[in-house]
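# Analysis of the macromolecular model
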Amino acid sequence: DDNTIDVKAATKAAQTYTIYVTDGTTKCKSKAEFKVYVNDLPNVQIDAASDYCTNENITISANNSYKSYKWGYVDTDNQINYYPSETAKDFTTDLAETKTYVLTATDNSTKCSNTGTKTITAKPLPTTAIKTPSVCYGKKAILSVDRGNSKADYYQWPNGDETNTSWTSDASIT
């Protein structure tokens, strides 16, 4: 459109612009001044811990209340992909891998939008190896941890015991 100009706010201060117009027939000129007021962008932040266990169900939240929310993530090509149905203040997901989450939010009063990001690390789950017993019919089974192949500090057995690295079943296997 020939009747518009593109003005980009280069400073946070209000800017005054002058436009001169000329009537093509009468050649009369006039001028008009107008002011462009610059609103601050919202300070969008994602509230969440920086790391969780892999496959943990997590909820991440916007730091403030906004008019609208768009949640997404940064893919391996460094592109933002938005979840089409995630438009609430809180976003819940199962954390399968380390991921940078993105929130684009629009301020209630100024209608200005901004984007915040947060990388959440998926901590690896501990591994364990249980020595597989062979047991005779009618005998109790003894299960024990193969400490050389386990990467865990604590174990919880079916009886609730968390102090031992082995457990004997309460009843004979029949």
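Below is a short write-up of the structure. Everything numeric here is computed off the predicted structure, so don't read it as measured data.

The rules behind these values
Residues numbered from 1 in each chain as written. Predicted model: local features only at pLDDT ≥ 70, side-chain atom pairs only at ≥ 80, totals over all residues. Heavy atoms only, no water. Pairing = 2+ DSSP bridges. Helix = DSSP H or I, 4+ residues; strand = E, 2+ residues; numbered from the N terminus. Core = buried A, V, L, I, M, F, W, Y, C linked by side-chain atoms within 4.5 Å. Buried < 20%, exposed > 50% of the residue type's maximum accessible area, 1.4 Å probe, protein only. Contact = heavy atoms within 4.5 Å. Phe/Tyr/Trp six-rings, centres within 6.5 Å; stacked < 30°, edge-to-face > 60°. Lys NZ or Arg CZ within 6 Å of the ring centre and 35° of its normal. Axes fitted to C-alpha atoms, helices over the stretch in contact; angles between N-to-C directions.

Moving on to the pairing of strand β5 (residues 56-62). Bridging between strand β3 (residues 46-47) and β5 involves two bridges; their strand directions are antiparallel. Its bridge partner lying in β5, I46 is registered against A62.

For the rest of this paragraph, the subject is the pairing of strand β6 (residues 68-74). The pairing of β6 with strand β9 (residues 99-106) spans six bridges and is antiparallel. Residue Y73 lies in a different strand from β9, and its bridge partner there is Y101. Relative to strand β7 (residues 80-82), β6 is paired through three bridges, and the arrangement is antiparallel. Bridge pairing in β7 places Y73 opposite N81. Hairpin connection from β6 to β7: five residues lie between these consecutive antiparallel strands, with N78 at a positive phi of about 65°.

Let's shift gears to the nonpolar core. I60, W71, L95, Y101, L103 and I120 are the most contacted members of the largest nonpolar core, which totals 16 residues. Looking at this core, the elements with two or more residues in it are β5, β6, β8 (90-95), β9 and β10 (113-123). Ignoring sequence-local partners within four residues, the contact set of L95 consists of Y52, C53, T54, N55, E56, I58, Y101, I120, T121 and A122.

Turning our eyes to something else, we now look at the sheet that holds β8. Across the sheet, three strands lie side by side as β3-β5-β8; this open sheet has antiparallel pairing. A single partner strand is all that each edge strand has here, and the edge strands are β3 and β8.

Let us look at the packing of aromatic side chains. Each aromatic ring pair is specified by the distance between its two centres and by the angle formed by the two planes. Inspection of every chain in the model, using the stated rule, returns six aromatic pairs. Both rings, one in Y83 and one in F91, keep their centres 4.9 Å apart while their planes meet at 25°; by these two values the pair is stacked. Exposure remark for F91: the relative accessible area of 3% places this residue in the buried category. Stacked on the ring of Y82, the Lys or Arg K70 has its end atom at 4.2 Å from the ring centre. Taking the ring centre of Y73 as reference, the NZ or CZ of K99 above it sits at 4.6 Å.

With that settled, consider the sheet that holds β7. Taken in spatial order, the five strands of this open sheet run β4-β10-β9-β6-β7, and their pairing is mixed. Every other strand in the sheet has two partners, leaving β4 (51-53) and β7 as the edge strands with one partner each. Adjacent strand axes in the sheet meet at a mean angle of 35° when their direction is disregarded.

On to unusual backbone geometry, then. In this model, N55 sits at a positive phi of 70°, which is unusual for a non-glycine residue. Summarising the element assignment, N55 is placed in the loop between β4 and β5. Residue N55 is classed as exposed on the basis of its relative accessible area, which comes to 51%. Even without glycine at this site, N78 takes up a positive phi of about 65°. Within the fold, N78 resides in the loop between β6 and β7.

All we've got here are geometric facts, nothing functional implied.
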